[in-house]
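Structural features, examined
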Amino acid sequence: MRPKFTILQIKERLCGENDILQMISNFIKPLGIMTYICVLLAVLTGLRLIKVPLKIHRLLALIAVIFATIHALIVIYLTYF
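A word on the side chain of Thr35. Assignment of secondary structure puts Thr35 in helix H3 (residues 28–46). Other than its neighbours up to four places away in sequence, Thr35 contacts Ala64, Phe67 and Ala68.

The next point concerns unusual backbone geometry. The phi dihedral of Arg48 falls on the positive side, at around 65°, and the residue is not glycine. As for its placement among the helices and strands, Arg48 is situated in the loop between H3 and helix H4 (54–80). By relative accessible area, Arg48 is classed as partly exposed at 44%.

Further remarks concern the confidence of the model for the protein. Mean pLDDT over the protein stands at 87; residues scoring 70 or higher make up 81%. For the protein, the element scoring lowest by mean pLDDT is helix H1 (residues 7–15), at 64; H3 scores highest, at 95.

What follows concerns H4. With 27 residues, H4 extends 39 Å between its outermost C-alpha atoms, agreeing within 8% with the 39 Å of an ideal straight helix rising 1.5 Å per residue. Inspection of H4 places His57, Leu60, Ala64 and Ile74 among the buried residues, and these make up the whole buried set.

Once that is clear, we can look at the packing of H3 against H4. At their nearest, the axes of H3 and H4 sit 8 Å apart, and the two run at 150° to each other. By the angle between their directions, the pair H3 and H4 is classed as roughly antiparallel. As H3 runs across H4, the sense of the crossing is left-handed. Residues Ile28, Leu31, Gly32, Met34, Thr35, Cys38, Val39, Leu41, Ala42, Thr45 and Gly46 of H3 pack against His57, Leu60, Ala61, Ile63, Ala64, Phe67, Ala68, Ile70, His71, Ile74, Val75 and Leu78 of H4. Residues that form the contact of H3 with H4 fall into these classes: 17 nonpolar, 6 polar and no charged.

Before going further, it helps to examine the environment of Leu60. Residue position: Leu60 is located in helix H4. Note: C-alpha distance between Leu60 and Val43 (17 residues apart in sequence) is 9.3 Å. Setting aside residues up to four positions removed in sequence, Leu60 forms contacts with Cys38, Leu41, Ala42 and Thr45.

The rules we used
Starting afresh in each chain, residues are numbered from 1 along the sequence in its written order. With the structure being a predicted model, the display of local features is reserved for residues of pLDDT at least 70 and the display and counting of side-chain atom pairs for 80 or more, all residues being used for whole-chain, interface and lining totals. Water and hydrogen atoms play no part in the side-chain values, which are based on all heavy atoms of the structure. Think of it this way: any DSSP run of H or I at least four residues long counts as a helix, any run of E at least two long counts as a strand, and we number them from the N terminus. Every residue pair with non-hydrogen atoms within 4.5 Å of one another is taken to be in contact. For each residue, the accessible area found with a 1.4 Å probe, counting protein chains only, is set against the maximum for its type, and the residue is called buried under 20%, exposed over 50%, and partly exposed in between. pLDDT gives the predictor's per-residue confidence on a scale running from 0 to 100. One less than the residue count of a helix, multiplied by 1.5 Å, gives the span that helix is expected to have. A fitted line through C-alpha atoms serves as each axis, taken over the contacting stretch for helices, and the angle formed by two N-to-C directions is quoted from 0 to 180°. With respect to orientation, any angle under 35 degrees is reported as roughly parallel, any angle over 145 as roughly antiparallel, any angle of 65 to 115 as roughly perpendicular, and every other angle as oblique. Take the far helix as your reference; a near helix turned counterclockwise from it by less than a right angle gives a left-handed crossing, and one turned clockwise gives a right-handed crossing. For this classification, the nonpolar set comprises Ala, Val, Leu, Ile, Met, Phe, Trp, Tyr, Cys and Pro, the charged set comprises Asp, Glu, Lys and Arg, and every other residue, Gly included, is treated as polar.

This is the structure we're talking about:
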């Protein structure tokens with residue numbers, strides 16, 4: 001049995017569209033800061049200034065790419081759509 005409304009439709013009915021955009025835009029700064037920290041740690045572990053196994057270095061780099069992608073998509077969405 002399919003639900004009558006999706007979660008997004010329920011949120012729009014409760015909050016309104018502008019409130020949802022405001023909630024999304026609140027993630028931009030923290031996501032940018034987390035991305036910067038992950039990139040910085042990946043660079044420092046790659047230069048061996050912080051000695052960790054290669055697996056941790058690669059994981060930090062992957063997390064940084066994921067955070068940066070999400071951050072960029074939110075900024076592009078809010079800017080152009």
